[in-house]
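# Tertiary structure, described
In case you want the letters, here they are:
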Amino acid sequence: AAVFLAPGAAIGSDGRIYVFGGTDVPGNAITTAQSFLLGDNNLVTVASLGTARAHLAAATGSDGRIYAIGGTTGATSLVSVEAYTPTAPAWVAAASLPAPRGDAPGVLAPDGRIYVPGGANLASSEVYASTVAYRAKTATQPDAWVTTASLASPRWRHGAALGSDGRIYVVAGSAAAAALRTVEAYGPIVTLSSASQPAGGTTTITGSNFATSAAVKVTLGSATGPVIGTGTTDGAGVLTATTATIPPGATAVGTRLYVTDARSRYPVSVAFTITP
């Protein structure tokens, strides 16, 4: 098997784990891509990347395609993005990043976008605080990158993951000249007055970090589930006490309440138990 250093990796819609790009042992960026199934030690070589890249962001998008985002060729950071469809195996160009960016993670968020927080541009020695998010192509809109809320601390070579509450957590990494131990989270914060109620009962939800002056809906079980409460955020993005009523006849099981504002459309959730 080939030796990969600093590659990208993502799980495909076919259940295979794809590993792509990186560097060889001398440190040259490569285009090699391989895949494997859990429990199977056989690596299968698949279509090569169009551009050799390492230290890239990687994620599987809401459209089922695997994305190789930015990265570096060695001394230069990349702006290009490639996408791979397991059922039509070839890497094709996707919308380019707004600026060259490497050494950053990629995370698919509950709003269907891939977020790439922080990173660096080797050519300018700039370490980014900015975060960019990718929206896949739809029947009415082309694919595109947009800039979202910046990190509090510029960082690169950090980790990122999606929490069970739907927020993106950015972990450690390095600033321009020092290692970091801080963690930042992206997305609204919600609190329940009661995390359990019987069918027909109510709970009160408060929150912060929403879009400002936005209508908010509370849904049961998923972001598209039945609406069980509505509210509005203020000019600071704070959701004041909003009542949610559990539907009569709701099954007595553990579930989650989802809270989404109509402007950011970024759903977050909190565990909730419907008691007998």
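Below or above, wherever it landed, is the structure these notes cover. Bear in mind that the values here come from a model prediction, so they are computed numbers and not experimental data. (Residues numbered from 1 in each chain as written. Predicted model: local features only at pLDDT ≥ 70, side-chain atom pairs only at ≥ 80, totals over all residues. Heavy atoms only, no water.)

## Digging into the overall build of the chain
Along its length, the chain carries 0 helices and 25 strands. Computed over C-alpha atoms, the radius of gyration of the chain comes to 21 Å, within 12% of the 19 Å expected from 2.2 N^0.38 for 276 residues, which places it in the range of a compact globule. Burial statistics for the chain: of 276 residues in total, 44% are counted as buried. Within the chain, counting contacts between residues at least 6 apart in sequence, those at least 24 apart form 46% of the total. On the chain, roughly 12400 Å² of surface is accessible, and the fraction owed to carbon and sulfur atoms is 56%. Here the chain contributes 15 positive and 13 negative side-chain charges, whose respective centroids are spaced 4 Å apart. (Helix = DSSP H or I, 4+ residues; strand = E, 2+ residues; numbered from the N terminus. Rg over C-alpha atoms; globule rule 2.2 N^0.38 Å. Buried < 20%, exposed > 50% of the residue type's maximum accessible area, 1.4 Å probe, protein only. Contact = heavy atoms within 4.5 Å. Areas by Shrake-Rupley, 256 points an atom, 1.4 Å probe, with all protein chains shown as cover. Lys, Arg positive; Asp, Glu negative; His and termini not counted. Charge placed at Lys NZ, Arg CZ, Asp CG, Glu CD.)

## Regarding the side chain of Ser77
Following the sequence through the fold, Ser77 ends up in the loop between β6 (66-69) and β7 (81-85). Ignoring any residue separated from it by four or fewer positions in sequence, one finds Ser77 in contact with Gly71, Thr72, Pro100, Arg101, Gly102, Ala120, Asn121 and Leu122.

## Overview of the nonpolar core
If you look at the biggest cluster of nonpolar residues, it comprises 25 residues, and the most contacted ones within it are Ile168, Val190, Ile205, Val218, Ile228, Leu257 and Val259. In terms of residue count, the dominant contributor to this core is strand β25 (residues 268-275) (4 residues). Ignoring anything within four residues of it in the chain, the contact list for Val218 reads Ile205, Pro226, Val227, Ile228, Gly229, Ala244, Leu257, Tyr258 and Val259. In this structure, Ala83, Tyr134, Ala136 and Trp145 belong to the second largest nonpolar core, which totals 16 residues. (Core = buried A, V, L, I, M, F, W, Y, C linked by side-chain atoms within 4.5 Å.)

## Here we look at the sheet that holds strand β15 (residues 159-162)
With antiparallel pairing, the 3 strands of this open sheet are ordered in space as β15-β16-β17. Strand pairing shows two members of the sheet lacking a second neighbour, β15 and β17 (183-186), which therefore form its edges. Recorded for the sheet is a direction-independent mean angle of 20 degrees between the axes of neighbouring strands. Alignment of strand β16 (residues 168-171) against β17, held across 4 bridges, turns out to be antiparallel. Note on β17: the bridge partner recorded for Val170 is Glu184. (Pairing = 2+ DSSP bridges. Axes fitted to C-alpha atoms, helices over the stretch in contact; angles between N-to-C directions.)

## Some words on the sheet that holds strand β14 (residues 144-148)
Strand order in the open sheet made by the 4 strands is β9-β10-β13-β14, with antiparallel pairing throughout. Strands with a single pairing partner mark the edges of an open sheet, and in this sheet they are β9 (107-108) and β14. The pairing of strand β10 (residues 114-117) with strand β13 (residues 131-135) spans 4 bridges and is classified as antiparallel. Residue pairing in the sheet places Ile114 in a bridge with Tyr134 of β13.

## Examining the packing of aromatic side chains
Aromatic rings in a pair are described by how distant their centres are and how their planes are angled relative to each other. What the rule picks out here adds up to 8 aromatic pairs. Linked through ring pairs, Tyr18, Phe20, Tyr84 and Trp91 together constitute an aromatic cluster. One cation-aromatic arrangement involves Arg157 over Trp156; the distance from NZ or CZ to the ring centre is 4.2 Å. (Phe/Tyr/Trp six-rings, centres within 6.5 Å; stacked < 30°, edge-to-face > 60°. Lys NZ or Arg CZ within 6 Å of the ring centre and 35° of its normal.)

## Details of the pattern of salt bridges
Any two side chains of opposite charge can pair, given that their charged atoms come close. The tally for this structure, following the rule as stated, stands at 5 salt bridges. Residue Asp63 pairs with Arg65 through a salt bridge whose shortest N-O separation is 3.2 Å. With a shortest N-O distance of 2.8 Å, Arg155 and Glu184 are connected by a salt bridge. Highlighted residues: Arg155 in the loop between β14 and β15 and Glu184 in strand β17, separated in sequence by 29 residues. When sorted by exposure, Arg155 lands in the same class as Glu184, which is buried. (Salt bridge = Lys/Arg side-chain N within 4 Å of Asp/Glu carboxyl O.)

## Topic: the environment of Leu257
In this fold, Leu257 is placed in strand β24 (residues 254-261). Classification of Leu257 by relative accessible area gives buried; the value is 0%. Considering only alpha carbons, one finds Leu257 and Ala271, 14 residues apart in sequence, at a separation of 6.5 Å. Those residues in contact with Leu257 that sit more than four places away from it in its chain are Leu192, Thr203, Ile205, Val218, Thr219, Leu220, Ile228, Val268, Ser269, Val270 and Phe272.

## Brief notes about the pairing of β24
On a regular strand, one side chain projects to one face of the sheet and the next to the other, so that they alternate. Here strand β21 (residues 215-220) runs beside β24; their pairing, made up of 5 bridges, is antiparallel. Bridge pairing in β24 links Thr219 to Tyr258. In this structure, β24 lies alongside β25, joined through 6 bridges in antiparallel fashion. Bridging from a neighbouring strand, Gly254 pairs with Thr273 of β25. Hairpin connection from β24 to β25: 6 residues lie between these consecutive antiparallel strands, with Arg265 at a positive phi of about 55 degrees.

## Regarding unusual backbone geometry
In this model, Ala6 sits at a positive phi of 55 degrees, which is unusual for a non-glycine residue. Within the fold, Ala6 resides in the segment before β1 (8-11). Its identity as a non-glycine residue notwithstanding, Ser125 has a phi of 60 degrees, on the positive side. Checked against the element boundaries, Ser125 lands in the loop between β11 (120-121) and β12 (126-127). By relative accessible area, which is 62% here, Ser125 ends up exposed.

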